[in-house]
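Report on the structure
Residues per chain, in single letters:
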Amino acid sequence: MDIKFSRDFLTLDDDKTDNNSFQSVSDIMPEDESPMEEVRATIPNTDDPSMPCNTFRMWFLGLLFAGIQAFINQFFFMRQTTISIGYSVVALISLPLGHLMAHALPIRKYTLFGYSFSFNPGPFTIKEHVLIGVMTAANNGTAYAVDIVIIQKLFYHDQKPFIAGLLLVSTTQVTGFALAGALRKFLIRPAHMLWPSTLVTASLFRSLHVPANAEEDRGKMSRMKYFMAVTLGMFVYNWFPGLIFPTLGVLSWLCWINPDNIVLSQLTGSGGLGIGTVSLDWAALSSYVQPLVTPWFAQVNILAGFVLIVYIMVPWAYYVDLWNSKNYPILSAALFRENGSLYDKNKILTNDLFDQAKYNAYGPLRMDSFFALTYGAGFAALSATLVHVALYNGKEILQRWQSARQMIDNEDIHTRLMRAYPEVPNLWYILLFAISLGLSFLTCLLWSYMPWWAVLLAMALAIIFVLPVGIVQAVTNQQPGLNIVTEYVIGYLLPGDAIANVTFKTYGYIVNVQALTFAADLKLGHYMKIPPRTMFMAQILSTLLCGLINVLTAQWLITTRPNVCTRAGYPFTCRNTNTFYSASVIWGAIGPARVFGHKDGASYASVQWGFLVGAVLPIPFWLAARWWPHIRWLKLVHWPVLLAATSSIPPALPYFFSNGLAVGFVFMYLVKRYRYEWWARYNYLTSAALDTGVAVSGLVIFFTIQVWEGGFPYWWGNPEDEVLDHCPLGSANYYRYSPE
């Protein structure tokens, strides 16, 4: 195929050119530049279609690391102290192994069934490395449905066969990929569908492969040296907030003025609203906002939503005692009785099933006002997502729906370069979806997870929201979640059925999440010019392998560890799984009608107005932007992001956001505006390096010290009572009682 979209292309010359080289962008015609400045700063607009990527060493290392990652992540997911292996760690470890295999494997060619291949086609390439990273990134963490397998066996004493759990995990993990493939022309090919997080990943891989350019690097530190220097610096520094001086992560200095003042403690303590709390822990301030990745306009929307809810609405609701809020802490993920004591879910169950008589005797479930308002904001964010995307992106969606080629003039250089590779046929995605849907029906009906119509409804919710949520994530780096609405819907339709509730949530929520995870990987492949069919096979096979290993690991721990997932089973206490079980009781057994409806003393019916409020809010701003187009900020008001700003609080804490947004202001506004050359060269690389340093440091700390139940000696910066911010009343209720 003749490629004519840039002036010159890298050609292979064994004597002069390394496969990992990239042409300098200095001689690219202006019309061949990406219209997005973030992409221009990070992604080269050249490609070498002959660069090997579908190689033995890619498959060997990719599947090996995916399998190891799946085992380690599932194993430690069930421990008291969780730890996970991310793509950055795999990228660092796999690089020397790739080069070693390129040096050691035989270069001779073999013929099998008429096909010629070699175990060693030449130097280890960046495309092979990216595919290895994709195999692990597509399965980061653990499969969500594994928690269903665990709670069925341990909490609901339902011994389903191994194949039932495996099919449940496999179908929920893979079905989303079919949806991602169907949305390529909406979420992947358009240049303005940026997917900011993929730019960090691309920057990491380029720093590890692109050779130094003497002319480009003149007077500057090379990207590789910069990446290694920042990674090493963060590796060393993270020992302080991670082990030696954890108080560095929660400097609640305003609370220290008078830590015995309950109001001051609730407002300024890290366990409360965290006003003024300073965090010098990169893991905390980057975990939710991703300040060096999320576009500044999106961070401004997050800031507006954060201030509105956390600093205005929550203090008002709490101190006027709305819903008897003063009986509970100002911020908590726990559930309570009306008197402020913790809600014991076992008191309302008989043989692990909801007991109406016991519920009437024990009393209704209560939550703090922050938690209730977060649910309301979450409801509003979902309806706002649908309306916002319809108003702002509806015309483009219709045009692209009518013809994938209709907007070809707006495709950027990267989309045109990808034409060098055969696209994945739509039939592959259709067959994948049909097979996954059929196995979903088989699994849910044969082993009584939920009725057939619930499978269809869950899939319908995932399909309805995947494009709107995908557009929001691609543009803003924020993802409104469907976990709340899926629990809410099935809780009304099938009250009292806890397993059906969590199964429905998994199919509706995780299929959507997986679709967007795969879409992000497809965009990374788009930027890095990975052949789509190779990407397809890498994602599918690694996902199936990791799901199998997740289930096997969980089953092994369940059968070999005594008292697993209980306090007596320490260190395998399964904190996340216990939270998942609690959600199954609250939303499945008790049901939303008793929490958000008007049944059996429910108090939070008013938060359901969030659905209507969210649907209305984008309309006046869209109209105002059309009436007054010269007012630029009107076009940047993004209600889905604004309303979803606090959707992860709890378990996240407010100071994560306030500190993350402060860092975002420095890098994504000040540095970008006044030191653009530095920002374009190093910003995304800085984010990748800091993340890598924290990840590697965390692994070393865990495996050398914490896994042996070791620790650093107690002192003021590492207090024995574990009140790291020295503000003990921050998590207490208004009457100074701390129920947790």
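This section reports on the structure supplied with the text. Each residue is numbered by its place in its chain's sequence as written, counting from 1. For a predicted model such as this one, the threshold for reporting local features is a pLDDT of at least 70, and the threshold for listing and counting side-chain atom pairs is 80 or more; totals across whole chains, interfaces and linings nevertheless cover every residue. The basis for every side-chain value is the complete set of heavy atoms in the structure, and neither hydrogens nor water enter the calculation.

1. Description of the overall build of the chain
Helix and strand definitions here come from DSSP, where helices need a minimum of 4 consecutive H or I residues and strands a minimum of 2 consecutive E residues; each element is numbered from the N-terminal end. When helices and strands are counted, the chain shows 27 helices and four strands. Computation of the radius of gyration draws on C-alpha atoms alone. For the globule rule, the value is 2.2 Å times the number of residues to the power 0.38. Computed over the C-alpha atoms, the radius of gyration of the chain is 26 Å, within 12% of the 27 Å expected from 2.2 N^0.38 for a compact globule of 740 residues. C-alpha extents for the chain along the principal axes are approximately 80 × 60 × 60 Å. Each residue is placed in one exposure class: buried if its accessible area under a 1.4 Å probe, protein chains only, is under 20% of its type's maximum, exposed if it is over 50%, and partly exposed if it falls in between. The buried share of the chain, taken over its 740 residues, is 58%. Of all intrachain contacts in the chain linking residues separated by at least 6 positions in sequence, the fraction that spans at least 24 positions is 79%. Each accessible area is a Shrake-Rupley result for a 1.4 Å probe, and residues are judged covered by the shown protein chains and nothing else. Carbon and sulfur atoms provide 63% of the accessible area of the chain, an area that totals close to 30,600 Å². Computing the positive centroid from 47 side-chain charges and the negative centroid from 45, the chain places the two 4 Å apart. Contacts were defined at the residue level, with two residues in contact if any of their heavy atoms lie within 4.5 Å. The charge count treats Lys and Arg as positive and Asp and Glu as negative. His and the chain ends do not count. For the purpose of locating charges, the reference atoms are NZ of Lys, CZ of Arg, CG of Asp and CD of Glu.

2. Concerning helix H24 (residues 618–627)
If you check which residues of H24 are buried, you get Pro618, Ala624 and Ala625. End-on, the buried residues of H24 take up no more than an arc of 130°, which puts them together on one face. Exposed residues pointing more than 90 degrees away from the buried face of H24 are listed as Arg626 and Trp627. By arc we mean the arc of the directions from the helix axis to the C-beta atoms, nothing more.

3. Side note on the pattern of salt bridges
The working definition used for a salt bridge is a side-chain nitrogen of Lys or Arg within 4 Å of a carboxyl oxygen of Asp or Glu. Using the criterion set out here, one finds eight salt bridges in the structure. A salt bridge links Lys672 to Glu38; its shortest N-O distance comes to 3.4 Å. With a gap of 634 residues between them, Lys672 in helix H26 (residues 654–674) and Glu38 in helix H1 (residues 37–42) connect regions that are remote in the sequence. In this pair, the class of Lys672 matches that of Glu38, namely buried. A salt bridge links Asp47 to Lys127; the shortest N-O distance between them is 2.9 Å. Of this pair, Asp47 sits in the loop between H1 and helix H2 (56–77) while Lys127 sits in helix H4 (residues 126–137), and the two are 80 residues apart along the sequence. With relative accessibility at 6%, the residue Asp47 sits in the buried group. Each of Arg184, Arg189 and Glu423 takes part in one network of salt bridges that share partners.

4. Observations regarding the pairing of strand S2 (residues 115–118)
Each pair of strands is called paired provided DSSP finds at least two bridges between the two strands. Summarising the sheet, strand S1 (residues 109–112) and S2 pair through four bridges and their orientation is antiparallel. Considered in S2, the bridge of Thr111 is made with Ser116. In textbook terms, the turn of a hairpin is the stretch between consecutive antiparallel strands, and for S1 and S2 this stretch comprises two residues, one of which, Phe113, has a positive phi near 55°.

5. Some remarks on the packing of helix H18 (residues 452–476) against helix H20 (residues 498–528)
Axis lines are fitted through C-alpha atoms, for helices just across the contact stretch, and the angle between N-to-C directions can take any value from 0 to 180 degrees. Running from amino to carboxyl end, H18 crosses H20 at an angle of 30°, the nearest separation of the two axes being 8 Å. With respect to the hand of their crossing, H18 and H20 are arranged in right-handed fashion. Contacts between H18 and H20 involve Ala454, Leu457, Ala458, Met459, Leu461, Ala462, Phe465, Val466, Val469, Gly470 and Gln473 from the first element and Phe504, Tyr507, Gly508, Val511, Asn512, Ala515 and Leu516 from the second. Here a crossing is taken to be left-handed if its near helix is turned anticlockwise relative to the far helix by less than a right angle, and right-handed if that turn runs clockwise.

6. Quick word on the side chain of Lys127
In this structure Lys127 comes out as buried when scored by relative accessible area, which is 3%. Counting of polar contacts relies on pairs of N or O atoms within 3.5 Å, with two restrictions inside protein: one atom must be capable of donating a hydrogen and the other of accepting it, and residues adjacent in sequence are counted only when both atoms are side-chain atoms. Engagement of the side chain of Lys127 in a polar contact is seen with the side chain of Asp47, the distance being 2.9 Å. Those residues within four positions of Lys127 in sequence are excluded, and the remaining contacts are Asp47, Asp48, Pro49, Met51, Pro52, Cys53, Tyr421, Met528, Lys529 and Ile530.

7. Remarks on unusual backbone geometry
When glycine is set aside, most residues are seen to have a negative phi, and most peptide bonds are trans. At Asp321, a position not held by glycine, the phi torsion is positive, near 65°. Inspection of the secondary structure assignment puts Asp321 in the loop between helix H13 (296–319) and strand S3 (349–350). Of note in this structure, Trp323 is not a glycine but carries a positive phi near 55°. Mapped onto the elements of the fold, Trp323 is located in the loop between H13 and S3. We classify Trp323 as buried; its relative accessible area is 14%.

8. Some remarks on the environment of Val236
Along the chain, Val236 turns up in helix H9 (residues 223–237). Its relative accessible area of 46% is what places Val236 among the partly exposed residues.

9. A closer look at a nonpolar patch on the surface
On the surface, Leu427, Trp428, Ile430, Leu431, Ile435, Leu439, Leu442, Leu446, Met537 and Leu541 cluster together to form a nonpolar patch covering roughly 890 Å² of accessible area. With eight residues, helix H17 (residues 426–446) is the largest single contributor of residues to the nonpolar patch. Mapped onto the secondary structure, Leu431 falls in helix H17. Residues enter patches when their relative accessible area tops 30% and they take part in no salt bridge; the joining distance is 9 Å for like charges and 5 Å for the nonpolar side chains Val, Leu, Ile, Met, Phe, Trp and Tyr.

10. Side note on the side chain of Asn238
Among the secondary structure elements, Asn238 is positioned in the loop between H9 and helix H10 (239–244). Judged by its relative accessible area of 7%, Asn238 is buried. Apart from residues no more than four positions distant in its own chain, Asn238 is found in contact with Leu243, Asp281, Val694, Ser697, Gly698 and Ile701.

11. Describing the packing of aromatic side chains
Aromatic rings from Phe, Tyr and Trp, taking only the six-membered ring of Trp, are treated as a pair when their centres fall within 6.5 Å; an angle between ring planes under 30 degrees marks them as stacked, one over 60 as edge-to-face, and anything in between as tilted. All chains considered together, the criterion is met by 55 aromatic pairs. Between Phe56 and Phe119, the ring centres sit 4.9 Å apart and the planes meet at 85°, which makes this aromatic pair edge-to-face. Within this pair, whereas Phe56 is found in helix H2, its partner Phe119 is found in the loop between S2 and H4, the two being separated by 63 residues in sequence. Here Tyr655 and Phe656 contribute two aromatic rings whose centre-to-centre distance is 4.8 Å and whose plane-to-plane angle is 80°, an arrangement assigned as edge-to-face. Above the ring of Tyr734, the side-chain terminus of Lys326 is found at 4.4 Å from the ring centroid. As a reminder, the over-ring test applies to NZ of lysine and CZ of arginine, requiring each to be within 6 Å of the ring centre and within 35 degrees of the ring normal. Here the basic side chain of Arg337 rests over the ring of Tyr362, its NZ or CZ set 4.1 Å away from the ring centre.

12. With respect to the nonpolar core
Counting 198 residues, the largest nonpolar core has Met78, Phe177, Leu187, Trp195, Ile348 and Met367 as its most contacted members. Here this core takes 19 residues from H20, the largest share from any one element. Non-local contacts of Met78, meaning those with residues more than four positions away in its chain, are made with Ile150, Ala554, Leu557, Val564, Cys565, Pro571, Phe572, Thr573 and Cys574. Buried Ala, Val, Leu, Ile, Met, Phe, Trp, Tyr and Cys residues that are joined via side-chain atoms within 4.5 Å together make up what is termed a nonpolar core. By size, the runner-up hydrophobic cluster in this structure holds eight residues, among which are Ala380, Leu642, Leu643 and Ala644.

13. Digging into the state of the cysteines
When two cysteine sulfur atoms lie within 2.5 Å, the pair is treated as a disulfide. Counted under the stated rule, the structure contains two disulfides. Disulfide partner of Cys255: Cys727, at an S-S distance of 2.0 Å. Looking down the S-S bond of the Cys255 and Cys727 bridge, the torsion is 80°, so its handedness is right-handed. Here Cys255, found in the loop between H10 and helix H11 (262–268), pairs with Cys727, found in the segment after helix H27 (676–704); they are 472 residues apart in sequence, far enough to count as distant. A single burial state applies to Cys255 and to Cys727, both of which are buried. Through a disulfide, Cys565 is tied to Cys574; the S-S separation comes to 2.1 Å. Between Cys565 and Cys574 the sulfur-sulfur dihedral comes to about -70°; the bridge is accordingly left-handed. Each of the two residues, Cys565 as well as Cys574, counts as buried. When the cysteines engaged in disulfides are numbered in sequence order, the chain pairs them as 1-4, 2-3. No disulfide involves Cys546; its sulfur sits 20 Å from that of Cys53, the nearest cysteine. Take Cys546: its relative accessible area is 3%, and that puts it in the buried class.

14. Observations regarding the environment of Val489
Within the element layout of this structure, Val489 appears in helix H19 (residues 483–493). C-alpha of Val489 to C-alpha of Phe354: the two residues are 135 residues apart in sequence and 18 Å apart in space. Dropping the residues within four chain positions of it, Val489 is found in contact with Leu457 and Phe504.

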